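Here is what each chain is made of, one letter per residue.
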Amino acid sequence: MPRSLILAAAAGLFASSVAFAAEPAPYLGAHLGMNLLDHWPARVDFGGVTASGEAALDSGLHGGLMLGRQTEHARFEVEYQRGAIELNSLKLGPLNRSADGTGHYDAVTVNAYRTHDFNERWSAFAGAGIGWGKVRMPSGRLDGCECFASASESGLVYQGRIGVEYRLARAHSAFAQYSLLRLPGASGGGTPQVAYEDRTIGSVTVGYRMLF
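Quick caveat, the model's predicted, so the values are computed rather than measured.

### Focus on the packing of aromatic side chains
Under the defined criterion, the tally for this structure stands at 4 aromatic pairs. Ring plane angle 85 degrees and centroid distance 5.7 Å describe the contact between Tyr 113 and Phe 125, whose orientation is recorded as edge-to-face. With Tyr 113 in strand β6 (residues 95-117) and Phe 125 in strand β7 (residues 122-137), this residue pair connects regions lying 12 residues apart in the sequence. Each member of the pair, Tyr 113 together with Phe 125, is buried. With a centroid separation of 6.3 Å and an interplanar angle of 80 degrees, the aromatic rings of Phe 125 and Phe 175 are classed as edge-to-face. Residue Phe 125 is located in strand β7, and its partner Phe 175 is located in strand β11 (residues 172-183); the two are separated by 50 residues in the primary sequence. No difference in accessibility class separates Phe 125 from Phe 175, as the two residues are buried. An aromatic cluster of at least three residues, connected via ring pairs, comprises Tyr 113, Phe 125 and Phe 175.

Next comes the structure, spelled out in structure tokens:
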């Protein structure tokens, strides 16, 4: 076989293998960990007179599910996340009382990531997302006052994320990530009425992705 034909065949084989490696591949994924919530500032309106307060919180579970598409240096996905809001105590002015209650937040976002391979196993990613979410804060009493009524709100959410990933096999990867999720503040009650500020929630999670 002429040398030129051998070189052409080799070049064609190399080009096809590169195209296959870079071909977009769909994936499913899930992650689970903890949010880093410790407080959520609020204003309580007693009918024209307002006071500053906050709900002191414990870290709660945070997790998510993703469906996306991976290219050579990027990923694009739709993600659903849910996290727990664990009430520890309530503060209003000089008052500070222990309290119990559980709320939650939900978010659906469209995310885009830039990826970078360190070697055949390890890679890093960074990206952002935007979508829609809802927050539901638990109710709590403060010295007989229903000052912190159950509150909820839905609206625009957005997030930023960085992480590292380890390739277990060709179609299977494990990852760890840190996320910042911006959520709307909730409001509720009559008189008094409570209004929570918009809040950015940090979370640390580990997860798994499978190409298919």
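### Section: the state of the cysteines
Tallied over the entire structure, the rule returns 1 disulfide. Through a disulfide, Cys 145 is tied to Cys 147; the S-S separation comes to 2.0 Å. Between Cys 145 and Cys 147, the S-S dihedral sits near 115 degrees, and the bridge is therefore right-handed. Take Cys 147: its relative accessible area is 3%, and that puts it in the buried class.

### Regarding the side chain of Gln 177
With respect to the element layout, Gln 177 can be found in strand β11. Residues contacting Gln 177, with those up to four places away along its chain left out, are His 31, Phe 125, Arg 161, Ile 162, Gly 163, Ser 203, Val 204 and Thr 205.

### Remarks on a nonpolar patch on the surface
A surface patch of nonpolar side chains, amounting to about 590 Å² of accessible area, comprises Phe 118, Trp 122, Val 164, Tyr 166, Leu 168 and Tyr 208. Sorting elements by how many residues they give to the nonpolar patch places strand β10 (residues 151-169) first, with 3 residues. Here Tyr 208 lies in strand β14 (residues 199-211). Assessed through its relative accessible area of 36%, Tyr 208 is described here as partly exposed.

Parameters and conventions
Residues numbered from 1 in each chain as written. Predicted model: local features only at pLDDT ≥ 70, side-chain atom pairs only at ≥ 80, totals over all residues. Heavy atoms only, no water. Phe/Tyr/Trp six-rings, centres within 6.5 Å; stacked < 30°, edge-to-face > 60°. Helix = DSSP H or I, 4+ residues; strand = E, 2+ residues; numbered from the N terminus. Buried < 20%, exposed > 50% of the residue type's maximum accessible area, 1.4 Å probe, protein only. Disulfide = S-S within 2.5 Å. Contact = heavy atoms within 4.5 Å. Patch = residues over 30% accessible without salt bridge, like charges linked within 9 Å, V, L, I, M, F, W, Y side chains within 5 Å. Areas by Shrake-Rupley, 256 points an atom, 1.4 Å probe, with all protein chains shown as cover. Salt bridge = Lys/Arg side-chain N within 4 Å of Asp/Glu carboxyl O.

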